[in-house]
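# A closer look at the structure
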Amino acid sequence: MSRPGRLLRYVLARLALAPVMLWLLATLVFLLLRLAPGDPVDALLGTRASAAARAALRAQLGLDQSLLVQYGRFLLKLLQGDLGLTLTNQQPVTEVIGQTLPASLELGAVALLLAAVVGLAVGFSGMARAEGRVDLAARLYGIGTYALPSFWLAMVAQLVFAVWLRWLPVGGRFPPTLLPPVGTGFYLLDSLRDGLLLGDWLPLQGTLRHLALPASTLAVLLSGIVANALRLNLRRAMASDYVEAARCRGLSERSLILRHALPNALLPVLTILGITVASLIGGALLIEVTFSWPGVAARLQEAIGQRDYPLVQGIVLVVAALVVAVTVTVDVLVALLDPRLEF
Amino acid sequence: MALVPLLSLVAACQPRRDPDRLIVASRNRIDTVDPAGASTIGAMQLLSAIGDPLYAVRSDGSIEPRLAVALPRTSADGLRVVVPLRRGVRFHDGTPFNAAAVVFSFERFLAIGTLSYLLGDRVLGVRALDAYTVELRLRKPFAAMAQLLSAVNLTPVSPTAYRPYSRRQLSNRFIGTGPYRLTFYTPQQQRLEPFKGYWGRPPANRGLELVSLSNSTALFGALQSGEVDGLLSSSLEIDHQVELQRQVQRGRLRQAAGPALVIVFLSLLSDQPPLDNPVLRRALALSLDRDRLIERVSQGLYAPLRSLVPPAVPGGTPQPWPRYNPAAARRLYRQGGYCAGRRLPLELTFRSNVPSDRLFALTWQALLQRDLADCVELRLQGMETTTAYRLLGEGAFPLIVLDWMGDFPDADNYLVPLLGCQQAEGERCRKGGSASSGSFWTRPGLETELQRSATLSGAARLALVRRIQRQTAAASPYLPLWLVKPRIWVRPELAAPRFDGSGRVLLQELRRR
């Protein structure tokens, strides 16, 4: 079979396995949630209410049914694309995900973009003179940002730029004095559209101001990984035989790096970025909590505390499905770029 | 460093703010604005600004008719309560407020209310006697009906808007009669605009933004930087509260405190060894150095408590639990067979996600080690709140730290949930509030007294509440620890805020000076 054929077979196999994996995951989450002590009634009422009132609320929420009946209903609804209603406020789970997932994706995308720019620049900067001062600084930056606890950096950034300098807001996703733009849920896109179509740039300014601190903090944390990966792979590529051969042919250093070493060094970086994207889909919990960013990770954490079974199940499933999609896409992309890979 | 110029560039676009619209921040994420579903402090605070209950509790504890025009009239047998309603009131959608709206709201709450037991445990039904009079039929006489009807969950809602939601919640919109309309809602932010057709005094500001920030540091920073005008204390860490207090003293902020209605207490498993021995429970009651504990836990922000009913609620004084007395405690431990080379081992469970619980547990352990090390040994165990609540009614904890706030400020609301007992064997409660609160203690005649207390009023009721408290203190199935006051801090350019008697800030009074 030809290489494109083998690649297609690989992708189809991955996609065919995805529903099985998601079903297993859904079952596992369903069971684990119910194995944990305490249920939504305990979380909602605490020590309040009589046993009869608690039983009535359990019945109202459908928690008085047997586990098998609850599981059957959950699967039946899931097959119809219905993730159910949250137990805390009876809002459709899809609606909650629709509100929180774009926030996490937007934060992740901007942070990743910044991280890629900064990380590639830092990783590349040491190439001029190996083991020189710039190279050392780049190495220290890579190790330092990788080792920094994210909540610490986030709190320091918040203290410096929001509280002391008063440049940026402490938290939230949008200025409370303005109405958020309506549309895709990605405020950056929606407010840009409003700016272009209506000439109202205030929402875009507000979005950027609120996005700046969490995205920069996350970008700093991620950029170290990118910088280190690029630096190491670029160095390895520069020391390889094909670059040496090109050098012997009289090519300039600039051409050696940009045309020969860099494309190969970027392949592992692309894989790393793919893994990072997959991890960011689920949200960056500590960043979201520190900057009060209304993302999916912070909502999931709250839902677990509230024992909101349908919401936890829904978020985990949707995020897992997206992670599967992203990892398959990255695999395909790497395969297309790297002819050495076999399937 | 490369990102700093970018940040400064973005920072240059500072938006302008209307100075008469105020921003109030808290940690309260509000998942629903439906009175039938609201159960958190934040939701109650919001609903008190956008809705009106039939009655409200003034800051001095007296009852003020709001959507009612007079106090409820009770029939001779105490089983029927008639409430006359205010005329000329309209809901935010223009629907007239009347008896039919109250009947609709109460029946809806009974059918789908998360806290439906509030009404359902006491009220059999509600009907309109005429367009502006409702009658409630009670299961048994209940004297504190006006206080019960001050509960935010019983805020009337527009039948027109809520008819399609009579059997499910409407979590993201609210149509009531309050001084503000809710014009924008997300769980993290709510926008309140003054309601032009409001029947009462209009708000003193041009509107409010209520925002939720998810951690104490962010909230503290937001008030410091002037990003928000006011900050509510719920879930704010003690260190931040203490620093805000300091700034109040220096004139950099203003502050107001509400009535202390949250009680923190220890629940003692009184039907199993070793704490089935009342002598040991009494010894523990004498082993609590509340002043020192509060100093360490809250740096003096909390007030010591030696009663189950808060002093702000009628019947809450005098406080009958004993003060710290290690010498008397030692005598009782000896009487119980300890101290002489034998230490009483006790496991204290604290809620691991409540920072003050952990601090209390560690401090009390150290204080006992210092003063009564030869008599008692405290072992600590942390547990997540929801898990602890599930296991509480199963008698899993010999000693556990808990807190409680009544749904409306009345002694009944503190005594019944902790002492109520529907099924007892001697001094052991098998079913009822006492069992679900982890103590399982009762005494013959207590349930009858609690039921009688609900029917009495005035001096007779006060005397009975005090007697119940005295007798409970003597048995010590619970050990009250401290009281928590709700607080608000505002920027110095704002006028001093006020709380009502239910512990909620009067948001409509917030204004710049």
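Up top you'll find the structure we're talking about.
Conventions adopted
Think of each chain on its own: its residues are numbered from 1, step by step along the sequence as written. Lettering of chains starts at A and numbering of ligands starts at 1, both following the order in which they are written. Local features in this predicted model are restricted to residues whose pLDDT is 70 or higher, and side-chain atom pairs enter the listing and the counts only when it is 80 or higher, whereas totals over whole chains, interfaces and linings include all residues. Each side-chain value is derived from all of the structure's non-hydrogen atoms; neither hydrogens nor water enter the calculation. Strand pairing requires that DSSP identify at least two bridges connecting the strands. Only DSSP runs of H or I with at least four residues qualify as helices, and only runs of E with at least two residues qualify as strands; both kinds are numbered from the N terminus onward. The contact rule is simple, with two residues in contact once any of their heavy atoms fall within 4.5 Å. In this description, a line fitted to the C-alpha atoms serves as the axis of each element, helices being fitted only across the stretch in contact, and the angle between N-to-C directions of two axes falls anywhere from 0 to 180 degrees. For this analysis, a salt bridge means a side-chain nitrogen from Lys or Arg found within 4 Å of a carboxyl oxygen belonging to Asp or Glu. In protein, a polar contact means a hydrogen-donor-capable atom and an acceptor-capable atom, both N or O and within 3.5 Å, with residues adjacent in sequence counting only if both atoms are side-chain atoms; elsewhere, any N or O pair within 3.5 Å suffices. Under the scheme applied here, ten amino acids are nonpolar (Ala, Val, Leu, Ile, Met, Phe, Trp, Tyr, Cys and Pro), four are charged (Asp, Glu, Lys and Arg), and all others, including Gly, are polar. Multiplying one less than the number of residues by 1.5 Å gives the expected span of a helix. Across the chain, bend at a residue is computed as the angle between axes fitted to the seven residues ending at that point and the seven starting from it. Two rings from Phe, Tyr or Trp (for Trp, the six-membered ring) form a pair when their centres sit within 6.5 Å of each other. Planes less than 30 degrees apart are called stacked, planes more than 60 degrees apart edge-to-face, and all others tilted. Residue burial is assigned from relative accessible area. The probe radius is 1.4 Å, only protein chains are included, and a residue is buried under 20% of its type maximum, exposed over 50%, and partly exposed in between. In this scheme, the term charge over a ring applies when either NZ of a lysine or CZ of an arginine sits within 6 Å of the ring centre and within 35 degrees of the ring normal.

Here the focus is the sheet that holds strand E14 (residues 303-304) of chain B. Strand pairing within a sheet occurs via backbone hydrogen bonds; the two strands may be parallel or antiparallel. Residue and element names in this part refer to chain B. Here we have 6 strands laid out as an open sheet, ordered E14-E20-E13-E17-E15-E16, and mixed in their pairing. Each edge of the open sheet carries a strand with a single partner, namely E14 and strand E16 (376-383). Here strand E15 (residues 344-351) pairs with E16 via 8 bridges, running parallel. In the strand pairing of E16, Arg351 is matched with Met383. The sheet strands contacting helix H12 (residues 355-371) are strand E13 (262-268), E15, E16, strand E17 (399-405) and strand E20 (478-484), and the helix crosses E16 at an angle near 165 degrees.

Below, the discussion takes up the interface of chain B and chain A. Counting residues at the interface gives 54 residues for chain B, matched by 59 residues for chain A. Inspection of the chain B/chain A interface yields 5 salt bridges. Taken together, the connections running from chain B to chain A amount to 20 residue pairs in polar contact (both at pLDDT 80 or more). Mapped onto the side of chain B that touches chain A, the elements with two or more residues apiece are helix H1 (3-11), helix H3 (99-112), strand E9 (189-194), strand E10 (208-212), helix H7 (216-224), helix H13 (385-392) and E17 of chain B. The element contributing the most residues to the side of chain B that touches chain A is H1 of chain B, with 7 residues. In terms of residue class, the side of chain B that touches chain A is made up of 22 nonpolar, 20 polar and 12 charged.

Below, the discussion takes up the sheet that holds strand E1 (residues 22-26) of chain B. Residues and elements named next belong to chain B. Taken together, the 7 strands give an open sheet; going across it, the order is E8-E9-E10-E1-E11-E21-E12, and neighbouring strands pair in mixed fashion. Edge positions in the open sheet fall to strand E8 (180-186) and strand E12 (254-257), since each of these has one partner strand only. Each strand of the sheet is rotated relative to its neighbour by a mean of 20 degrees, with strand direction disregarded. Bridge count for E8 against E9 is 6 bridges, and the pairing is antiparallel. For Thr186, the partnering residue across the bridge sits in E9 and is Gln189. Helix-sheet contacts for helix H8 (residues 238-249) involve strand E11 (230-232), E12 and strand E21 (487-490), and the interaxial angle to E21 is about 55 degrees.

This brings us to helix H11 (residues 253-281) of chain A. Counted at 1.5 Å a residue, the expected span for H11 of chain A with its 29 residues is 42 Å, and the 39 Å between its end C-alpha atoms agrees. For H11 of chain A, the principal kink sits at Ala261 of chain A and spans about 50 degrees; a proline, Pro263 of chain A, occurs within the next four residues.

Here the focus is the packing of aromatic side chains. Inspection of the entire model under this criterion finds 10 aromatic pairs over all chains. Seen from their ring centres, Phe174 of chain A and Tyr187 of chain A are 5.6 Å apart, and the 80 degrees between their planes marks the pair as edge-to-face. In this pair, Phe174 of chain A sits in the loop between helix H7 (150-164) and helix H8 (187-198) while Tyr187 of chain A sits in helix H8, placing the two residues 13 residues apart along the sequence. The same class applies to Phe174 of chain A as to Tyr187 of chain A, namely buried. Pairing Tyr198 of chain B with Trp199 of chain B gives two aromatic rings, centres 5.3 Å apart and planes at 50 degrees, and the pair type is tilted. A relative accessible area of 11% means that Tyr198 of chain B is categorised as buried. Its end group placed over the ring of Phe30 of chain A, Arg34 of chain A keeps NZ or CZ at 3.7 Å from the ring centre. Here Arg122 of chain B stacks its cationic end above the ring of Phe142 of chain B, 4.6 Å away from the centre of that ring.

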